[in-house]
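Per-entry structural report
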Amino acid sequence: MKKLAIAASLVASPAFAASGPFFSLYNTDFVVLLSFLAFVGVLVYLKVPGKLAGMLDKRAEGIQRELDEARALREEAQSVLASYERKQKEVQEQAERIVASARTEAEAAAAKAKEDLKSTIERRLAAADEQIESAKTSAVREVRDRAITVAVAAAREVVARQMTDASNDRLVEAAIGDVQAKLKLH
């Protein structure tokens, strides 16, 4: 199969397609060769390869500039990213400090509220004890006053039953004597 392909390519070559002498204008291969050489000569005369090379160089410079710009942008983006990561870390640390501070303040406020509540309860208990003592004293005084009133009323009634005019005169004279004796002492 391989030999057959090589033989077919040698038999079907363009050199065998033309008829007659090679350097004749009737030979199509020679005419195509002359046209090609004339075309290449025109391209060289018009400096097309130099212009193509210049265009390719400009294109390469543009690509290099874009690559440099992309590299600079990448470095700038990395520095901005690092800056934002630092700022994020700082903000995170600050937030943690704020939370810790708030927690400490809340604990202190809770402790103070507990102390205030305890002192308020103690004050109210003391006030209640004071009110109870005052009510007790008032009740004792009221009972004593009532007892005195009842005793005086009972004594008056007893004295009024047992008192006669003669004993009344004796008591008045004794009282006058006591007053005179006390007045003379002074």
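Residues numbered from 1 in each chain as written. Predicted model: local features only at pLDDT ≥ 70, side-chain atom pairs only at ≥ 80, totals over all residues. Heavy atoms only, no water.

1. Observations concerning the overall build of the protein chain
Helix and strand content of the protein chain: four helices and zero strands. Beginning at the N terminus, the succession of helices and strands in the protein chain can be written as α-α-α-α. In the protein chain, which comprises 186 residues, the proportion classed as buried is 4%. Put simply, the protein chain shows about 17000 Å² of open surface, and 64% of that area lies on carbon and sulfur atoms. (Helix = DSSP H or I, 4+ residues; strand = E, 2+ residues; numbered from the N terminus. Buried < 20%, exposed > 50% of the residue type's maximum accessible area, 1.4 Å probe, protein only. Areas by Shrake-Rupley, 256 points an atom, 1.4 Å probe, with all protein chains shown as cover.)

2. Some thoughts on the pattern of salt bridges
Should their charged atoms come close, side chains of opposite charge can pair. By the definition in use, this model includes two salt bridges. Residue Asp-68 is joined to Arg-71 by a salt bridge in which the shortest nitrogen-to-oxygen separation is 3.1 Å. Of this pair, Asp-68 and Arg-71 are both found in helix H3 (residues 48–162), three residues apart, which corresponds to roughly one turn of the helix. (Salt bridge = Lys/Arg side-chain N within 4 Å of Asp/Glu carboxyl O.)

3. With respect to helix H2 (residues 28–45)
With 18 residues, H2 ought to run about 26 Å at 1.5 Å a step, and its terminal C-alpha atoms sit 25 Å apart, in line with that. The backbone nitrogen of Asp-29 lies 3.1 Å from a side-chain oxygen of the residue at the head of H2, namely Asn-27. Lys-47, located one to two residues past H2, shows a positive phi value of around 55°. (Expected span 1.5 Å × (residues − 1). Polar contact = N/O pair within 3.5 Å; in protein donor to acceptor, adjacent residues only side chain to side chain.)

4. Some points on the side chain of Ser-24
Note on placement: Ser-24 falls in the loop between helix H1 (2–11) and H2. A relative accessible area of 16% places Ser-24 in the buried class. Of note is the side chain of Ser-24, whose polar atom sits 3.1 Å from the backbone nitrogen of Tyr-26.

By themselves, these observations are geometric and do not establish any function.
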